Amino acid sequence: MSSLLFSTLTAAAAPPVPNSYAPVDDKESFDAVRQRMEKAKPGVESRFKALLAERYDLADRPVPGVTTGTGKAVQGGVRAKLPKGTSWQDLAALPPDEIRKRDLWPAGFYPLPHENHPEGGMLFPQHEIDAIKKQDGRDLARFDLDFLLPTHLLPEFPPAIYLTTRPDLGDVSKGQVISLSNYYETFSGVLNPKQLEGLRLLLTPFPQQQFNATIDRRSLKPSMGVACFDCHVNGHTNAADHLVGDIRPQEHRHRIETPTLRGVNIQRLFGSQRALKTVEDFTEFEQRAAYFDGDPAIATKKGVNILERGSQVHFMGEFEALLDFPPAPKLDVFGKLDPAKATPAELHGQEVFFGKGQCAACHTPPYYTDNSMHNLKVERFYKEKMIEGLLASADGPIKTFPLRGIKESSPYLHDGRLMTLDDSVEFFNLVLGTKLSEQEKKDLVVFLQTL
């Protein structure tokens, strides 16, 4: 009897065993979970809003005369807030160890957590939720959490669609969010039958971790799930975010901003860190793995969609490979500025890009990617710390994303921590130690806007 009591007390006092799996069995009813999470929602969102306000200037300040392909104003200016008593020039003059020692790394340059990092999951901007509900009758809203980045800092919506096979058509979307309700009439006669079927599948919802029919979902009603193009709207991005599924424990998982699918035909690595080798691999394993946080047990419970490789996956990949970058009328066939079309500031920015700025060491023309991965070792600049459930530590190697059309894909970096191109230039000026002058940084941003 005493030995049994001892073993029971020992087990009760033991620390939890590390576990890669999420619990499969339901401990609470749906109503109990919903009520608990709805009650916690104001506090969760208040903390994230406070974090954003501490880090960034989120005002609506567009760059005069600079717009996306559909005419949305592009936001400008450095939005990351500096530590008191410092300037960007002061920081650029310090070595990484000194910035780390004096705790001077700007708050907006730390990794950005999910709106509720311990919970995570796909989270959609309100305009995406509204469009899909109106067109297809599906609800992508979560009862526990709202998307909190301001709309003016997000990509254009709805974004244009450019096809490599039909550049003569310009924006094929005709200003619409493409969904199951309008894809056929928009693309029949433009795509071949395989590509049209691939597009249909990219628009078809399938069960996902937060959006499914089980009682541990995060949608108010049982859901058919999400479609690839709910995040990659019109083959681009709406900046929907979630957590990468391939890292454990939870505090080490990175927030991931949805990257654009434009130009996947010239890319050779897929996923910010997974290094999948083909767009077909990425397409297939998104639904098998990323949709369910990389947990096959949960995928089985919630209804994983197994795509057939030879037809469905192939058809989806074939359509994705047609998605082109937006036009860049000032670039020549080698991806560099045509001197007859460029301004002196743009030409100077290009000179900085290929010279002192060291940008071209990774972002090589004509598409401004080297199809590789690089470890920036940003952790050199700060001490490891917890930020709203995220352990800000080493990121590791990250894919070199193309810079073509970059002004249309804010916010930047894999987790969206950089709100504008100006933020990106300041960030890399510190990380690479390039010590650019104010004019060099300004002209570099002007050049990036031409890509």
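Residues numbered from 1 in each chain as written. Predicted model: local features only at pLDDT ≥ 70, side-chain atom pairs only at ≥ 80, totals over all residues. Heavy atoms only, no water.

## Details of the nonpolar core
Part 1: By size, the foremost hydrophobic cluster in this structure holds 53 residues, and its most contacted members are W105, F109, F353, L444 and L448.
Part 2: Listed by contribution, the elements that provide at least two residues to this core are α2 (30-55), α3 (88-92), α12 (344-354), α13 (421-431) and α14 (438-448).
Part 3: Among the elements that make up this core, the one with the highest residue count is α13 (five residues).
Part 4: Among all residues touching L444, those that are not within four sequence positions of it are G349, V352, F353, C359, V425 and L436.
Part 5: Listed in part, the 42 residues of the second largest apolar core include L140, L203, C231 and A240. (Core = buried A, V, L, I, M, F, W, Y, C linked by side-chain atoms within 4.5 Å. Buried < 20%, exposed > 50% of the residue type's maximum accessible area, 1.4 Å probe, protein only. Helix = DSSP H or I, 4+ residues; strand = E, 2+ residues; numbered from the N terminus. Contact = heavy atoms within 4.5 Å.)

## Comments concerning the pairing of strand β1 (residues 62-67)
Part 1: Pairing of β1 with strand β2 (residues 73-75) involves two bridges; the strand directions are antiparallel. Counted as the bridge partner of P62 is Q75 from β2.
Part 2: Count of turn residues in the β1/β2 antiparallel hairpin: five residues, of which G71 carries a positive phi of about 95°. (Pairing = 2+ DSSP bridges.)

## Structural notes on the packing of helix α9 (residues 279-288) against helix α11 (residues 309-320)
Part 1: One can describe the packing of α9 onto α11 by two numbers: an axis separation of 9 Å at closest approach and a directional angle of 115°. For the element pair α9 and α11, the recorded crossing hand is right-handed. Residue-level inspection shows V279, E280, D281, T283, E284 and Q287 of α9 in contact with α11, the latter providing R309, V313, M316, G317 and E320.
Part 2: Residues of the contact of α9 with α11, tallied by class, amount to three nonpolar, three polar and five charged. (Axes fitted to C-alpha atoms, helices over the stretch in contact; angles between N-to-C directions. Left-handed = near helix turned anticlockwise from the far one by under 90°. Nonpolar A, V, L, I, M, F, W, Y, C, P; charged D, E, K, R; others polar.)

## Considerations on the packing of aromatic side chains
Part 1: Under the criterion given, the structure shown has 19 aromatic pairs.
Part 2: Judged by centre distance (4.6 Å) and plane angle (25°), the ring pair of W105 and F381 falls under stacked. Here W105, found in the loop between α4 (96-101) and α5 (126-136), pairs with F381, found in the loop between β5 (373-374) and β6 (385-387); they are 276 residues apart in sequence, far enough to count as distant.
Part 3: Given a relative accessible area of 1%, F381 falls into the buried group.
Part 4: With a centroid separation of 5.2 Å and an interplanar angle of 65°, the aromatic rings of F353 and F354 are classed as edge-to-face.
Part 5: For F353, a relative accessible area of 1% corresponds to the buried category.
Part 6: Above the ring of F354, the side-chain terminus of K336 is found at 4.3 Å from the ring centroid.
Part 7: The ring of Y110 carries K385 above its face, with NZ or CZ at 4.3 Å from the centroid. (Phe/Tyr/Trp six-rings, centres within 6.5 Å; stacked < 30°, edge-to-face > 60°. Lys NZ or Arg CZ within 6 Å of the ring centre and 35° of its normal.)

## Remarks on the confidence of the model for the protein
Part 1: With 97% of its residues at a pLDDT of at least 70, the protein reaches an overall mean of 95.
Part 2: Throughout residues 1-10 the model reports pLDDT below 50, and contacts reaching past four residues in sequence, or to other chains, amount to zero contacts. (pLDDT = per-residue confidence, 0-100.)

## Overview of unusual backbone geometry
Part 1: In this model, F157 is joined to P158 through a cis peptide bond whose omega is -10°.
Part 2: Of note, P158 is situated in the loop between α5 and α6 (183-187).
Part 3: Between P365 and the following residue, P366, the backbone shows a cis peptide bond with an omega angle of 10°.
Part 4: Phi at K174 takes a positive value of approximately 55°, unusual for a residue other than glycine.
Part 5: Here K174 shows up in the loop between α5 and α6.
Part 6: Look at E388: it is not a glycine, yet its phi comes out positive at around 50°.
Part 7: Looking at where E388 falls in the secondary structure, it is placed in the loop between β6 and β7 (390-392).

## What about the pattern of salt bridges?
Part 1: If you walk through the whole model with that rule in mind, you get 34 salt bridges.
Part 2: Between R142 and D144 there is a salt bridge; the shortest N-O distance is 2.8 Å. In this pair, the class of R142 matches that of D144, namely buried.
Part 3: Here R166 ties to D168 by a salt bridge, and the two come within 2.8 Å at their closest N and O atoms.
Part 4: The partly exposed category is assigned to R166, whose relative accessible area is 26%.
Part 5: By relative accessible area, D168 is classed as exposed at 56%.
Part 6: Taken together, the shared-partner salt bridges in this structure form one network comprising D26, D216, K301 and K302. (Salt bridge = Lys/Arg side-chain N within 4 Å of Asp/Glu carboxyl O.)

## Describing the packing of α13 against α14
Part 1: The N-to-C vectors of α13 and α14 enclose an angle of 125°; their axes lie 9 Å apart at closest approach. On the basis of their axis angle, the class for α13 and α14 is oblique. The handedness of the crossing between α13 and α14 comes out as right-handed. On α14, the residues that touch L421, D422, V425, E426 and N429 of α13 are K441, L444, V445 and L448.
Part 2: By residue class, the composition of the contact of α13 with α14 is five nonpolar, one polar and three charged. (Parallel < 35°, antiparallel > 145°, perpendicular 65-115°, else oblique.)

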